[in-house]
Amino acid sequence: MKRVITYGTFDLLHYGHINLLRRAKAQGDYLIVALSTDEFNWNEKQKKSYFTYEERKAMLEAIRYVDLVVPEDNWEQKKTDVGKYNVDVFVMGDDWKGKFDFLKEQCEVVYLSRTPEISTTKIKTELNNK
Ligand code: C2G
């Protein structure tokens, strides 16, 4: 079984995220999503997610491509996660291209194209301007 992992906040969940998750799953047979906790988002990304970790986790678990959701609560856990979850492929959107190449010693590293026309910022801006 080929095991894939990807990381993110996934808030407000939209079809750009789904496009990523679908293609990430297609890299193997089992997809793990390491979901940024509320504390990690605030302390490390200065992002306050609209939905809580538990709400975002429940939504991701409802997606057919996702097999397991685990917490992401620090930047350094990727190296240990690859071993802990027996990961074969690490996947991220290409806005992160090159940033995680250090994982190539442990697993395949794949950067997938983002869905350019959609973003949480765009959704919030357009809703505010309605
Ligand atoms: N994404 C995408 N297309 C979009 C928006 C997002 O393909 N229009 C992808 C991103 O490239 C990322 C994933 O969806 O691979 C999750 O996006 P975010 O929740 O914005 O993730 P981010 O805040 O970048 O957190 O340790 C890594 C971080 O946790 C990544």
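The shown structure was predicted, so the numbers you read here are calculated from the model rather than taken from an experiment.

Draft legend 1. Seen up close, the nonpolar core. L21, L31, V33, L60, V66 and V91 are the most contacted members of the largest nonpolar core, which has 17 residues in total. For this core, the secondary structure elements donating two or more residues are α1 (15–25), β2 (30–36), α3 (53–61), β4 (89–93) and β5 (108–112). Once residues lying within four places of it in the same chain are set aside, the contact partners of L31 are V4, I5, T6, L21, A24, K25, Y65, V66, D67 and L68. Counting residues in each nonpolar core, the second largest holds 16 residues, with Y30, A34, F100 and C107 among its members.

Draft legend 2. Just the site of the ligand, in detail. Neighbouring the ligand are 21 residues; K47, E72, K78, D95 and I118 lie closest to it. The backbone of T115 places a nitrogen or oxygen atom 2.8 Å from a nitrogen atom of the ligand. Within the backbone of I118, a nitrogen or oxygen atom sits 2.7 Å from a nitrogen atom of the ligand. Protein contacts shield 94% of the accessible area of the ligand, which totals 640 Å² for the unbound molecule. At a threshold of 2 Å from the grid points, most atoms of the ligand map onto the largest pocket. When contributions to the shell around the ligand are tallied by element, the ones reaching two or more residues are β1 (3–8), α1 and β4. Per-element tally for the shell around the ligand: the top contributor is α1, with 3 residues. When grouped by side-chain class, the residues that make up the shell around the ligand number 7 nonpolar, 8 polar and 6 charged.

Draft legend 3. The arrangement of the pattern of salt bridges in detail. Scanning the entire structure with this criterion turns up 8 salt bridges. For K2, the salt bridge goes to E108, with nearest N and O atoms at 3.8 Å. Of this pair, K2 sits in the segment before β1 while E108 is found in strand β5, placing the two residues 106 residues apart along the sequence. Take E108: its relative accessible area is 39%, and that puts it in the partly exposed class. Across the salt bridge formed by D95 and R114, the nearest N and O atoms sit 3.1 Å from each other. Here R114 lies in the loop between β5 and α5 (120–128) and D95 lies in the loop between β4 and β5, a separation of 19 residues in the sequence. Judged by its relative accessible area of 41%, D95 is partly exposed.

Draft legend 4. Examining the packing of aromatic side chains more closely. Taken as a whole, this structure holds 7 aromatic pairs when the rule is applied. Taking the centre distance of 4.9 Å and the plane angle of 65° together, the rings of F40 and W75 count as edge-to-face. With F40 in helix α2 (residues 38–45) and W75 in the loop between β3 (68–72) and α4 (77–84), this pair connects stretches of sequence that are 35 residues apart. Here F40 falls in the buried class, since its relative accessible area comes to 2%.

Draft legend 5. Broad picture of the environment of Y85. Looking at the secondary structure, you find Y85 in the loop between α4 and β4. Sequence separation between Y85 and E39 is 46 residues, and the spatial gap between their C-alpha atoms is 23 Å. Those residues in contact with Y85, other than ones at most four positions away along the chain, are R3, I5, I32, L68 and V70.

Quick notes on the rules
Residues numbered from 1 in each chain as written. Predicted model: local features only at pLDDT ≥ 70, side-chain atom pairs only at ≥ 80, totals over all residues. Heavy atoms only, no water. Core = buried A, V, L, I, M, F, W, Y, C linked by side-chain atoms within 4.5 Å. Buried < 20%, exposed > 50% of the residue type's maximum accessible area, 1.4 Å probe, protein only. Helix = DSSP H or I, 4+ residues; strand = E, 2+ residues; numbered from the N terminus. Contact = heavy atoms within 4.5 Å. Near = heavy atom within 4 Å. Polar contact = N/O pair within 3.5 Å; in protein donor to acceptor, adjacent residues only side chain to side chain. Areas by Shrake-Rupley, 256 points an atom, 1.4 Å probe, with all protein chains shown as cover. 1 Å grid on protein atoms, 1.4 Å probe; cavity = no way out; pocket = protein on both sides within 12 Å on 5 of 7 lines; lining within 4 Å. Sits in = over half its atoms within 2 Å of the grid points. Nonpolar A, V, L, I, M, F, W, Y, C, P; charged D, E, K, R; others polar. Salt bridge = Lys/Arg side-chain N within 4 Å of Asp/Glu carboxyl O. Phe/Tyr/Trp six-rings, centres within 6.5 Å; stacked < 30°, edge-to-face > 60°.

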